[in-house]
Each structure stands twice: as C-alpha cells, then as structure tokens.
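# Descriptive structure summary
Listed below are the residues making up each chain.
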Amino acid sequence: MANDRLRALEEVENQIATILQCAGNIVLELSKDKHNASFLDRQLSQFTGSVNRVETELSSQIRYLTQVATGQPHEGSTYSARKDCQMALNRAEYARVKLGELGHTCEVMLDPQP
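Presented here is an overview of the structure given in this document. These numbers were taken from a predicted model, which means no experiment stands behind them.

A count of helices and strands for the chain gives 3 helices and 0 strands. Ordered by position from the N terminus, the helices and strands of the chain form the series α-α-α. Looking at the chain as a whole, 14% of its 114 residues are labelled buried. Surface exposure of the chain reaches about 9200 Å², of which carbon and sulfur atoms provide 60%. Put simply, the chain has 12 plus and 15 minus side-chain charges, and the middle of one group is 4 Å from the middle of the other.

So, about the packing of helix α1 (residues 2-30) against helix α2 (residues 37-70). At a closest axis distance of 8 Å, the pairing of α1 and α2 adopts a crossing angle of 150°. With respect to their mutual orientation, α1 and α2 come out roughly antiparallel. Between α1 and α2 the crossing geometry is left-handed.

Here we come to the environment of His35. By the secondary structure assignment, His35 is in the loop between α1 and α2. A C-alpha to C-alpha distance of 77 Å links His35 and Ala92, two positions 57 residues apart in sequence.

As a further point, take a nonpolar patch on the surface. A cluster of nonpolar side chains, contributed by Leu6, Leu9 and Leu58, occupies part of the molecular surface with about 240 Å² of accessible area. Relative to the elements of secondary structure, Leu6 occurs in helix α1.

Right, let's talk about the environment of Ile62 for a bit. Tracing the chain through its elements places Ile62 in helix α2. In this structure the C-alpha to C-alpha distance between Ile62 and Val12, which are 50 residues apart in sequence, comes to 13 Å.

Before going further, it helps to examine the pattern of salt bridges. Enumeration over the complete set of coordinates arrives at 4 salt bridges. Between Glu101 and Lys98 there is a salt bridge; the shortest N-O distance is 3.3 Å. Note that Glu101 and Lys98 are positioned in helix α3 (residues 79-110) at a spacing of 3 residues, about one turn of the helix. Since its relative accessible area comes to 41%, Glu101 is described here as partly exposed. A relative accessible area of 38% places Lys98 in the partly exposed class.

About the cut-offs
- Throughout this description, residue numbers start from 1 for each chain and increase along the sequence as written.
- For this predicted model, a pLDDT threshold of at least 70 governs which residues receive local features, and a threshold of 80 or more governs which side-chain atom pairs are given and counted, while totals over whole chains, interfaces and linings are taken from all residues.
- Hydrogens and water molecules were not included; the side-chain quantities draw on all heavy atoms of the structure.
- Secondary structure follows DSSP: runs of H or I at least 4 residues long count as helices, runs of E at least 2 residues long count as strands, and numbering of each begins at the N terminus.
- Accessibility here uses a 1.4 Å probe with only protein chains present; expressed as a share of the type maximum, an area under 20% marks a residue as buried, one over 50% as exposed, and anything in between as partly exposed.
- Note that accessible areas follow from Shrake-Rupley with a 1.4 Å probe, and for residues the cover is restricted to the protein chains shown.
- Charge assignment in this entry is limited to Lys and Arg as positive and Asp and Glu as negative, and neither His nor the chain termini are counted.
- Charge positions are represented by NZ for Lys, CZ for Arg, CG for Asp and CD for Glu.
- Axis angles are defined between N-to-C directions and span 0 to 180 degrees, where every axis is a line fitted to C-alpha atoms and, for a helix, only to the segment in contact.
- Put simply, angles under 35 degrees are roughly parallel, angles over 145 are roughly antiparallel, angles from 65 to 115 are roughly perpendicular, and the rest are oblique.
- Left-handed describes a crossing whose near helix is turned anticlockwise from the far helix by less than a right angle; the clockwise case is right-handed.
- Patches draw on residues past 30% relative accessible area with no salt bridge. Two like charges within 9 Å are joined, as are two nonpolar side chains (Val, Leu, Ile, Met, Phe, Trp, Tyr) within 5 Å.
- By definition here, a salt bridge exists when the distance from a side-chain nitrogen of Lys or Arg to a carboxyl oxygen of Asp or Glu is within 4 Å.

What is shown is where atoms sit, not what they do.
Below, the structure written as structure tokens:
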C-alpha cells in the first residue's frame, strides 16, 4: 500500500513536470508573430488534463492522510489491530500473574502448618 502511494506521488511529480513543459511551450508559441493554433490547442489540452490528474490525485492523498491522522479505519493500516492484540496480551499476562498469586495464597492457606 505504501509503495502504491509513493508511486502515485511520483506520477504527480511527473505530471507537474508535464504541466510546466506545456506552459513553457504555450508561452514560447504565443511569443511568436504567427502561432500555430492546433499546437496551442494540443498543448492546452495536455496542460488541462495534467492539472486535473494532479488535482484528483492530490485530493485522494489528502483524504487518505486525513483518515490516518484522525484515527479512522482505512485500508492498509494494521496499527489498530496490532494495538488491540498487544493490549489483549497484556491483559492475559496480568490475569496469569494474578491467578498465580491467588494460587500461591490458596496453597499457603491450605497447607497445614506443623
């Protein structure tokens, strides 16, 4: 899961590079006396598509981080289950110790003193 999140962020980084490249191409084309309208349209379309993909993925990442930060259950997290398991093991160990103490007390009380 973490690798998927990192790969998605790498893709966002690539999309941002594409956005910058398209913006540069558009500015360069507009600086010419006679610009190519079809080239501008293609670059603008690619620019807009990349911006939309970046916005969608970053929103997804923010939603995921919000879930993690607020303690809500989310896919890929085992923290809550591990914590519950560890607490159950601690309670079981405490009960074992207390039962051992109770057993020892019972033995002392039932053991006839000479």
